[in-house]
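Each chain, letter by letter, is given below.
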Amino acid sequence: MSVTKAVFPVGGLGTRFLPATKASPKEMLALVDKPLIQYVVEEAALAGITDAVFVTGRGKRAIEDHFDTIFELEHALDRKGNRKLLEEVRKITNLANFAYVRQGEPLGLGHAILCARNLVGDEPFAVLLGDDIVSGRVPCLRQLIDAYERLARSSGEVVGGVIAVQRVRGPEISSYGVIKAEPVAGSRRLFRVRGLVEKPAPDKAPSDLAIIGRYVLAPAIFESLAVTPRGRGGEVQLTDALRDLTVERNYPLYAVLFEGRRYDAGDKLGFLQATVEFALANAELGPPFRRYLRELLRRRRPARA
Ligand code: G1P
């Protein structure tokens, strides 16, 4: 069965990016010229997603408006004959069919996904976290869906899920869900997951394979989420539900060491890094921005004696 629905949990408070996120959603922070959430929705659309479910909360209305038609704006652009911008603005509305559900209480990522249960129904679906921006030749989510479909075909079993991981060395590992896994024979990038821990202390991490915010999940995850007690930070953790799914319920779970580069755009430094790299890669802005950076570095460098 192909994966056509995706859940975007956007209810988070964005505390890592205060004060910028005090009254506006972190998902709407602009990376060069598009809000973060648009990059993530575009990645999903490129991967074949047709239905987007946002799990939203208080103060997040700007996200709904962004993916909706703004008649006055389109009318004004049309009157000015600005076809290029009009196309650009219309394209956003056509990325997917959008549905919204509110996460009444801030009980964590696992709880947010459980809120989407009725809208997802009984089929495999994707989850994409808006903090994680991934660039690369093949969309990260597409890599997961390809692996999920291949595994489901070849094993004939119900695959519990396929999640994206990257290698993280040092104490930074404690900012992630971390998997215990063994490589799948004949593949450099595929792992069979045997255990998962949410944000372990560095000396307790079972490996250097850290989960990043892209998942393909079987609907059985909802049964695990429904019984997952609050874990780290007093929140219902998706990582804990995944452990229940595979360790307790024996659904095979896999991880893909994805190809591409991931930016933690929910973090101030990660956001700046993404901004510089995306600006340099931008067709229009890249060349003048590169000249500006060169000039800036030249001026800052102390003159040689
Ligand atoms: C969430 C997940 C964590 C994962 C991370 C990736 O944590 O709970 O397992 O490694 O996203 O970005 P958060 O960063 O939302 O605290």
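Below is a summary of the structure that appears in this document. (Residues numbered from 1 in each chain as written. Predicted model: local features only at pLDDT ≥ 70, side-chain atom pairs only at ≥ 80, totals over all residues. Heavy atoms only, no water.)

**A closer look at the nonpolar core**
Nonpolar side chains in soluble globular proteins tend to be buried together.
1) Next: By size, the foremost hydrophobic cluster in this structure holds 48 residues, and its most contacted members are Phe8, Phe54, Phe67, Leu128, Ile133, Leu141 and Val162.
2) Next: Sorting elements by how many residues they give to this core places helix H7 (residues 140-155) first, with 7 residues.
3) Next: Apart from residues no more than four positions distant in its own chain, Val162 is found in contact with Leu144, Ala147, Tyr148, Leu151, Tyr215, Val216, Leu253, Tyr254 and Val256.
4) Next: Ranked by size, the runner-up nonpolar core spans 32 residues in total, among them Val7, Ala112, Val127 and Leu257. (Core = buried A, V, L, I, M, F, W, Y, C linked by side-chain atoms within 4.5 Å. Buried < 20%, exposed > 50% of the residue type's maximum accessible area, 1.4 Å probe, protein only. Helix = DSSP H or I, 4+ residues; strand = E, 2+ residues; numbered from the N terminus. Contact = heavy atoms within 4.5 Å.)

**A look at unusual backbone geometry**
1) Next: Going from Leu18 to Pro19, the amide bond is cis rather than trans, its omega being 5°.
2) Next: Secondary-structure assignment places Pro19 in the loop between strand E1 (5-9) and strand E2 (30-31).
3) Next: Not every positive phi belongs to a glycine, and Val32 is a case in point at roughly 60°.
4) Next: For Val32, the location among the structural elements is in the loop between E2 and strand E3 (34-35).
5) Next: Within the chain, Asn250 stands out as a residue other than glycine whose phi angle is a positive 65°.
6) Next: Within the element layout of this structure, Asn250 appears in the loop between helix H9 (238-248) and strand E12 (253-257).

**Examining the packing of aromatic side chains**
1) Next: Per the counting criterion, the structure on display carries 10 aromatic pairs.
2) Next: A centroid spacing of 5.9 Å and a plane angle of 35° characterise the contact between Phe54 and Phe98, whose relative ring orientation is tilted. In this pair, Phe54 is assigned in strand E4 (residues 51-56) and Phe98 in strand E5 (residues 97-102), connecting sequence segments 44 residues apart.
3) Next: Relative accessible area serves as the criterion here: at 0%, Phe54 is assigned to the buried category.
4) Next: Members of the aromatic cluster, each reached through a chain of ring pairs, are Phe8, Phe54, Phe67, Phe98 and Tyr100. (Phe/Tyr/Trp six-rings, centres within 6.5 Å; stacked < 30°, edge-to-face > 60°.)

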